[in-house]
Amino acid sequence: MKRFILLIIWLGFILYSVFLAPEGNGPYLSELLTMNHPDPSLLAMFSLLGVFPLVFAILLLRDDSGSVPAWPFVVGSFLLGAFSLLPYFILNKNKERSNRTPNKVRRFLQLRGLSIVLIGLAFGLMVYGLLAGDTTIYQKAFLESNFVHVMTIDFLVLTGLSIVALRDRDGVAGWTGLLPIIGPLSLVITKNGKERKHA
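Model, not experiment: these values are computed from the prediction.

**Overview of the pattern of salt bridges**
Within the structure shown, the criterion is met by three salt bridges. Lysine 140 is the salt-bridge partner of glutamate 144, the closest N and O atoms lying 3.0 Å from each other. A residue pair is termed a helical-turn pair when its members lie 3 or 4 positions apart in one helix, as glutamate 144 and lysine 140 do in helix H8 (residues 135-144) at four residues. Judged by its relative accessible area of 44%, lysine 140 is partly exposed.

**Concerning the packing of helix H5 (residues 82-91) against helix H9 (residues 146-170)**
Direction vectors running N to C along H5 and H9 enclose 30 degrees, while the axes themselves pass 10 Å from each other. Taken together, the axes of H5 and H9 lie roughly parallel to each other. Where H5 crosses over H9, the two elements pack in a sense that is left-handed. Contact residues: Ala82, Phe83, Leu85, Leu86, Tyr88 and Phe89 in H5; Val150, Asp154, Val157, Leu158, Leu161, Val164, Ala165, Asp168 and Arg169 in H9.

**Observations concerning H9**
With 25 residues, H9 extends 35 Å from end C-alpha to end C-alpha; this agrees with the ideal 36 Å at 1.5 Å per step. Near the N-terminus of H9, the side chain that reaches the backbone nitrogen of phenylalanine 147, with its oxygen 3.3 Å away, is that of serine 145.

**Structural notes on the packing of helix H3 (residues 40-61) against helix H7 (residues 112-132)**
At a minimum axis separation of 9 Å, H3 and H7 run at an interaxial angle of 160 degrees. Relative to H7, H3 is oriented roughly antiparallel. Note on packing geometry: the crossing formed by H3 with H7 is left-handed. Between H3 and H7, the contacting residues are Pro40, Ser41, Leu43, Ala44, Ser47, Leu48, Val51, Leu54 and Ile58 on the first element and Leu114, Ser115, Leu118, Leu121, Ala122, Leu125, Met126, Tyr128, Gly129 and Ala132 on the second. Considering only residue class, the contact of H3 with H7 consists of 15 nonpolar, four polar and no charged.

**Observations regarding a nonpolar patch on the surface**
On the surface, a cluster of nonpolar side chains totalling about 540 Å² of accessible area is made up of Met1, Phe4, Ile5, Ile8 and Ile9. Here isoleucine 5 lies in helix H1 (residues 2-20). We classify isoleucine 5 as partly exposed; its relative accessible area is 41%.

**As for the side chain of histidine 149**
Within the secondary structure, histidine 149 sits in helix H9. Assessed through its relative accessible area of 6%, histidine 149 is described here as buried.

**A few points about the environment of alanine 44**
In this fold, alanine 44 is placed in helix H3. On the accessibility criterion, alanine 44 (4% relative accessible area) is buried. A C-alpha to C-alpha distance of 17 Å links alanine 44 and proline 27, two positions 17 residues apart in sequence. Excluding its chain neighbours within four sequence positions, the residues that come into contact with alanine 44 are Leu125 and Gly129.

Reading the values: the criteria
- Residues numbered from 1 in each chain as written.
- Predicted model: local features only at pLDDT ≥ 70, side-chain atom pairs only at ≥ 80, totals over all residues.
- Heavy atoms only, no water.
- Salt bridge = Lys/Arg side-chain N within 4 Å of Asp/Glu carboxyl O.
- Helix = DSSP H or I, 4+ residues; strand = E, 2+ residues; numbered from the N terminus.
- Buried < 20%, exposed > 50% of the residue type's maximum accessible area, 1.4 Å probe, protein only.
- Axes fitted to C-alpha atoms, helices over the stretch in contact; angles between N-to-C directions.
- Parallel < 35°, antiparallel > 145°, perpendicular 65-115°, else oblique.
- Left-handed = near helix turned anticlockwise from the far one by under 90°.
- Contact = heavy atoms within 4.5 Å.
- Expected span 1.5 Å × (residues − 1).
- Polar contact = N/O pair within 3.5 Å; in protein donor to acceptor, adjacent residues only side chain to side chain.
- Nonpolar A, V, L, I, M, F, W, Y, C, P; charged D, E, K, R; others polar.
- Patch = residues over 30% accessible without salt bridge, like charges linked within 9 Å, V, L, I, M, F, W, Y side chains within 5 Å.
- Areas by Shrake-Rupley, 256 points an atom, 1.4 Å probe, with all protein chains shown as cover.

Below, the structure written as structure tokens:
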């Protein structure tokens, strides 16, 4: 049932982005890509979408032992966000083999310092966007720009997928993922700390 719901979300997201999202991008996309004084709220959201794939790398590649490899979907998420990650959650089944992730990569992803840096970066971006950004500009961009509209929904879908990943991989209540980026990574730090104590 979960996989069917995610399939509907994935297909709906694609169709919505193509047919129902606003047409055109106005000046917003070029301002973000060229860093030509974009509004801080737009810049913060754009930057947070660059951090989210690293979060999923940590969540999914710690134990990549499912029926399909996670790494191609994680790599794709750096360009396509939830469009790339949703198929993984749809196709993947229970553990069926040993961990695909090389030991060096896994140890890097489990570094406490990496999660702390990403949490600090996400927190700084959120504060910057909220305090320095103009909500009226963001709202206008959301209604007029296809890119801003889709990236905002993408951020919400990625937040939801982090909740799914936490429940599937760590067996914890999904509420931890409601705080984007910071919530999932805080849980990873806590879990890794407990595992080291028991090791």
